Amino acid sequence: MRALLVALSALACTVAMQAAEKQLEIFFIDVEGGQATLFVAPGGHSLLIDTGWGYNAYRDANRIAAAAKLAKIKKIDYVLITHYHTDHVGGVPQLIEKIPVGTFIDHGPNRESSKTTETLYSEYQAATSSANHILAKPGEQLPVKGMDVTVVSADGNVLDHSLPGGGQANSFCTDVQQKASDPSENARSVGVVITFGSLKIVDLGDLTWNKELELVCPNNKLGRADIFVVSHHGFDESNSPALVHALQPRVAIMDNGNKKGASPAAWDIVKSSPGLQGLWQLHFADAGGSEHNAEDPFIANVTEADTGYYLKVTADPDGSFRVYNARNKLSKEYPATR
Ligand SMILES: [Zn+2]
Ligand SMILES: [Zn+2]
């Protein structure tokens, strides 16, 4: 009997390992209101979107390295830098001390004339001078194995054609006005659409409102998404209803901080998105109070303390996925729909 149980548990273990080998894992690493999202495809092929902040005694580099360890990878194949703000690119010099990186992907030179951004860009250039680089261009596919990664925005340019599943007239454009043009690096963000089997994820970095409209009005070039990484930490300079409601995400994940991002107006737009089944946040955000924040179980970090809990998505090629909260160990299943 005991031998049978041992054999059965070994079999269950093997089945679980085989399942894991066919899944995409996405770690939404808490970098306290910046971005660092690690995608690990079957076979250990990996893409990190942004590196969080620098300084802070390797806080964000350590958290990224810890997520890589959980994903059982010893190297990050590609690091995509959406733009040259400190909460996205600041962590690069520390990260490469903690874990090897294969290739960096970015939109080309910094275009923002501020001392801070110019300094960050030269630090990034110095730290990656001997590394491989890819210049991201809208419409091009990135050579990440195990998932399809298509650039949809970069350096202020957006896709000039629709992706498969996109191209529909977008009725949500009707009442949406342009905002003042944005001269910052945010509007230059490298945005990507990632597909893994039937699953589709949209991550546009800090791309701002008018560029979103170029992507989805009058026709929605992106189509619908399963998971929307809420743009720009949930600020209302991004996340127009024309974008969010046309994407119709099943789940939205906000990489906000306790006091960063999460504008109530953007929250209302995300939460009223047709078909939304869940909103998850990296932090409880003071700006929103209990009426705007997601319910407690769906928030990774609920106090001001630097607790550093992550959210993790595990996805199957059929489009089903689950979201896991490292703080309370809650895991919620979202079945395949197509
Ligand atoms: Zn940011
Ligand atoms: Zn930014």
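Here, the structure is the one placed above.
Let me sum up the structure you'll find in this document. (Residues numbered from 1 in each chain as written. Chains lettered and ligands numbered in written order. Predicted model: local features only at pLDDT ≥ 70, side-chain atom pairs only at ≥ 80, totals over all residues. Heavy atoms only, no water.)

### Description of the state of the cysteines
Each disulfide is one covalent bond, formed between the sulfur atoms of two cysteines. The condition that has to hold: Disulfide assignment relies on a single distance test, namely cysteine sulfur atoms paired within 2.5 Å. Where helices and strands are cited, they refer to DSSP runs of H or I of at least four residues and of E of at least two residues respectively, numbered from the N terminus.
Enumeration over the complete set of coordinates arrives at one disulfide. With a sulfur-sulfur separation of 2.0 Å, Cys173 is cross-linked through a disulfide to Cys217. One quick way to see it: the torsion about the S-S bond of Cys173 and Cys217 is about -95°, and its sign makes the bridge left-handed. In this pair, Cys173 sits in the loop between strand 10 (168-169) and strand 11 (191-196) while Cys217 sits in the loop between helix 6 (209-216) and strand 13 (219-220), placing the two residues 44 residues apart along the sequence.

### A look at the environment of Leu48
Operational definition: Burial classification: accessible surface area is computed with a 1.4 Å probe over protein chains only, and a residue below 20% of its type maximum counts as buried, one above 50% as exposed, and the rest as partly exposed. The contact criterion used is simple: two residues touch if any of their non-hydrogen atoms lie within 4.5 Å.
Tracing the backbone shows Leu48 in strand 3 (residues 46-49). Take Leu48: its relative accessible area is 0%, and that puts it in the buried class. Linking Leu48 and Ile76, residues 28 residues apart in sequence, is a C-alpha distance of 7.0 Å. With sequence-adjacent residues up to four places away left out, Leu48 is seen in contact with Ala36, Thr37, Leu38, Ile64, Ile76, Tyr78, Val79, Leu80 and Leu95.

### Some details on the pattern of salt bridges
Between side chains of opposite charge, pairing is possible as soon as their charged atoms come close. Threshold: One side-chain nitrogen of Lys or Arg within 4 Å of one carboxyl oxygen of Asp or Glu is enough to make a salt bridge.
Scanning all chains against the criterion turns up 16 salt bridges. The closest approach of N and O atoms between Arg59 and Asp60, which form a salt bridge, is 2.6 Å. Residue classification places Arg59 among the buried residues on the basis of a relative accessible area of 16%. For Asp60, a relative accessible area of 1% translates into the label buried. Here Lys259 ties to Asp286 by a salt bridge, and the two come within 2.6 Å at their closest N and O atoms. Residue Lys259 is located in the loop between strand 15 (251-254) and helix 8 (264-271), and its partner Asp286 is located in the loop between strand 16 (278-283) and helix 9 (289-292); the two are separated by 27 residues in the primary sequence. A relative accessible area of 61% means that Lys259 is categorised as exposed. Among the charged side chains, a salt-bridge network with shared partners connects Asp30, Glu32, Arg59, Asp60, Arg63 and Asp306.

### Details of the packing of aromatic side chains
The line we're drawing: Between the rings of Phe, Tyr and Trp (Trp by its six-membered ring), a pair exists once the centres lie within 6.5 Å; its type follows the angle of the planes, with under 30 degrees stacked, over 60 edge-to-face, and the other angles tilted.
Per the counting criterion, the structure on display carries eight aromatic pairs. Plain terms: the ring middles of Tyr84 and Tyr121 are 4.6 Å apart, the flat faces sit at 55° to each other, and that makes the pair tilted. With Tyr84 in the loop between strand 4 (76-80) and helix 3 (86-89) and Tyr121 in helix 5 (residues 115-127), the pair connects residues that are 37 residues apart, well separated along the chain. This pair shows no difference in class: Tyr84 is buried, exactly as Tyr121 is. Note on Phe321 and Tyr334: the rings are 5.1 Å apart at their centroids and 20° apart in plane angle, and the pair reads as stacked. A residue pair is termed long-range when its members are at least 10 positions apart, and Phe321 in strand 19 (residues 321-325) and Tyr334 in strand 20 (residues 331-334) qualify at 13 residues. On the accessibility criterion, Phe321 (0% relative accessible area) is buried. The class for Tyr334 is buried, based on a relative accessible area of 1%. Aromatic ring contacts, followed pair by pair, group Tyr84, Phe104, Tyr121 and Tyr124 into a single cluster.

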